[in-house]
Amino acid sequence: MTDLAPFAEATFDVKAWINASCAARGPDEPLERFLAELEMRLQLGAEEIEASLTGCSSAALRRVPFAQQEVSRLRGDVSALQVRYFIRSCTAQLAPTIAPAAVGLCKLRVSPQPRVV
């Protein structure tokens, strides 16, 4: 397989790459045959890249519904935690007034109620 790394460079020069490839060919190999094989290797590389991208895209699209469900679940968890924090906060603020009121209510329960005649 042909090394495709040079194609990703911003300064990639097609003519220079082709000339370097032709210079690297064997001395007894005909130029036309070499270029045909080079074209075939590039075509096969492009098809392999396309297949890989298609596979990756398909896999990513299959994971989207699960990711959406996970986000919804996490939002529900966050909302529940926010409610719990709010309740604890309210309870903490009311605690100083609840204790004396509870003692007063207990005294009311214990004391006999007057009978209405």
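Residues numbered from 1 in each chain as written. Predicted model: local features only at pLDDT ≥ 70, side-chain atom pairs only at ≥ 80, totals over all residues. Heavy atoms only, no water.

A. Fine view of the overall build of the chain. Across its full length, the chain holds 2 helices and 0 strands. A globule of 117 residues ought to have a C-alpha radius of gyration of about 13 Å, yet the chain, at 39 Å, is considerably larger. Dimensions of the chain, computed from C-alpha atoms along their principal axes, come out at roughly 125 × 25 × 15 Å. Only carbon and sulfur atoms are counted for the fraction: they give 64% of the accessible area of the chain, which is about 10,200 Å². Mean positive and mean negative side-chain charge positions of the chain (13 and 13 charges, respectively) differ by 34 Å. (Helix = DSSP H or I, 4+ residues; strand = E, 2+ residues; numbered from the N terminus. Rg over C-alpha atoms; globule rule 2.2 N^0.38 Å. Areas by Shrake-Rupley, 256 points an atom, 1.4 Å probe, with all protein chains shown as cover. Lys, Arg positive; Asp, Glu negative; His and termini not counted. Charge placed at Lys NZ, Arg CZ, Asp CG, Glu CD.)

B. Examining helix α1 (residues 14-23) more closely. Among all positions in α1, only Trp17, Ser21 and Cys22 are buried. Within α1, the buried residues cover an arc of 130° as seen down the axis, which keeps them to one side. Residues of α1 that are exposed and point over 90 degrees away from its buried face: Lys15, Asn19 and Ala23. (Buried < 20%, exposed > 50% of the residue type's maximum accessible area, 1.4 Å probe, protein only. Arc of directions from axis to C-beta.)

C. Molecular detail of the side chain of Ser21. You can see Ser21 is positioned in helix α1. Ignoring sequence-local partners within four residues, the contact set of Ser21 consists of Phe34 and Leu38. (Contact = heavy atoms within 4.5 Å.)

D. Representation of the pattern of salt bridges in the model. The full count for this structure, using the stated rule, is 3 salt bridges. For Glu70, the salt bridge identified is with Arg73, shortest N-O distance 2.6 Å. Of this pair, Glu70 and Arg73 both sit in helix α2 (residues 31-110), 3 residues apart, which is roughly one turn of that helix. Residue Glu70 is classed as partly exposed on the basis of its relative accessible area, which comes to 29%. (Salt bridge = Lys/Arg side-chain N within 4 Å of Asp/Glu carboxyl O.)

E. Fine view of the side chain of Glu29. Here Glu29 is to be found in the loop between α1 and α2. Notably, Glu29 is buried but unbridged: the nearest opposite-charge side chain belongs to Arg33, and the N-O separation is 4.9 Å. For Glu29, the contacting residues outside a window of four places in its chain are Phe34 and Glu37.

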